[in-house]
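Observations on the three-dimensional arrangement
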Amino acid sequence: PPCHAREDARENARVMRRVKQAIIGAWILVAIMCVSMVGGAYLNDRLIAEAPVRSLARVTSVGTLRTSVDFQDVHGALQSPETGLLFPTGLNEGQRVWVTYNSSRPDVVKVDGREWTLAFRPALSILLIGSLVAAAGLAAVAYVSRRSNG
């Protein structure tokens, strides 16, 4: 009967609205993640700049998520930061590279001469891909909504 058709249409509209909200929510999380990537890089760079020390390091491993180095700090102790190296693009295992770190926080170390602004490229790439996926999802929801309504 017509009453069931109206209830089904309302239920479909509610589901489509929730799916749209989920897509937009996911996109907002991606955007927050991108801002955090750039903001985190800026804060780490600022921390290093407060008390910078330069040292020659050896790249011990290069991975997808982390590049590890060993270097001697100002007290002669061998440092191998657990979080890895900031801005490690283009490094190879066994390579020797100059690094800069905060004298009181040798776990915060970056490749010498590289700046926080390098975080913009991956952040913007992720945001672009996230935006394209969200746009495709919203377009699919609109298409399904039109088909179910008409």
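Before reading on, note that the structure itself is shown above.
Residues numbered from 1 in each chain as written. Predicted model: local features only at pLDDT ≥ 70, side-chain atom pairs only at ≥ 80, totals over all residues. Heavy atoms only, no water.

A few words now on helix α2 (residues 120–149). Between its first and last C-alpha atoms α2 spans 42 Å; for 30 residues at 1.5 Å apiece the expected length is 44 Å, and the two agree. Turning to α2, its buried residues are A123, G130, A134, G137, V141 and S145. (Helix = DSSP H or I, 4+ residues; strand = E, 2+ residues; numbered from the N terminus. Expected span 1.5 Å × (residues − 1). Buried < 20%, exposed > 50% of the residue type's maximum accessible area, 1.4 Å probe, protein only.)

What follows deals with the pattern of salt bridges. Under the criterion given, the structure shown has six salt bridges. For K110, the salt bridge is made with D45, and the minimal N-O distance between the two is 2.7 Å. With K110 in strand β5 (residues 105–111) and D45 in helix α1 (residues 2–50), this pair connects stretches of sequence that are 65 residues apart. The exposure class assigned to K110 is buried, which follows from its relative accessible area of 6%. Residue classification places D45 among the buried positions, given a relative accessible area of 6%. Residue R105 is joined to D107 by a salt bridge in which the shortest nitrogen-to-oxygen separation is 3.2 Å. Assessed through its relative accessible area of 38%, R105 is described here as partly exposed. (Salt bridge = Lys/Arg side-chain N within 4 Å of Asp/Glu carboxyl O.)

In this section: the nonpolar core. Grouped together as the largest cluster of nonpolar side chains are 12 residues: V53, A57, V59, V69, F71, L85, L91, V97, V99, Y101, V109 and V111. Within the second largest apolar cluster, six residues are counted, among which are A41, F87, A119 and A123. (Core = buried A, V, L, I, M, F, W, Y, C linked by side-chain atoms within 4.5 Å.)

Okay, the pairing of strand β2 (residues 67–72) next. Counting buried residues in β2 gives five out of six residues, a clear majority hidden from the surface. The hairpin formed by β2 and strand β3 (residues 78–79) contains five residues between the paired strands, and G76 there has a positive phi angle of roughly 85°. (Pairing = 2+ DSSP bridges.)

The next subject is the packing of aromatic side chains. Going through the model one piece at a time under the given rule, you end up with three aromatic pairs. With 5.1 Å between their ring centres and 80° between their planes, Y42 and W116 make a pair best called edge-to-face. Here Y42 is found in helix α1, whereas its partner W116 is found in the loop between β5 and α2, with 74 residues between them in sequence. Note on W116 and F120: the rings are 5.5 Å apart at their centroids and 50° apart in plane angle, and the pair reads as tilted. Looking at W116, the relative accessible area reads 24%, which means it is partly exposed. Members of the aromatic cluster, each reached through a chain of ring pairs, are Y42, W116 and F120. Sitting over the ring of W98, R54 keeps its end group 4.1 Å from the ring centre. (Phe/Tyr/Trp six-rings, centres within 6.5 Å; stacked < 30°, edge-to-face > 60°. Lys NZ or Arg CZ within 6 Å of the ring centre and 35° of its normal.)

So far we have only geometry, and geometry alone does not tell us how the molecule works.
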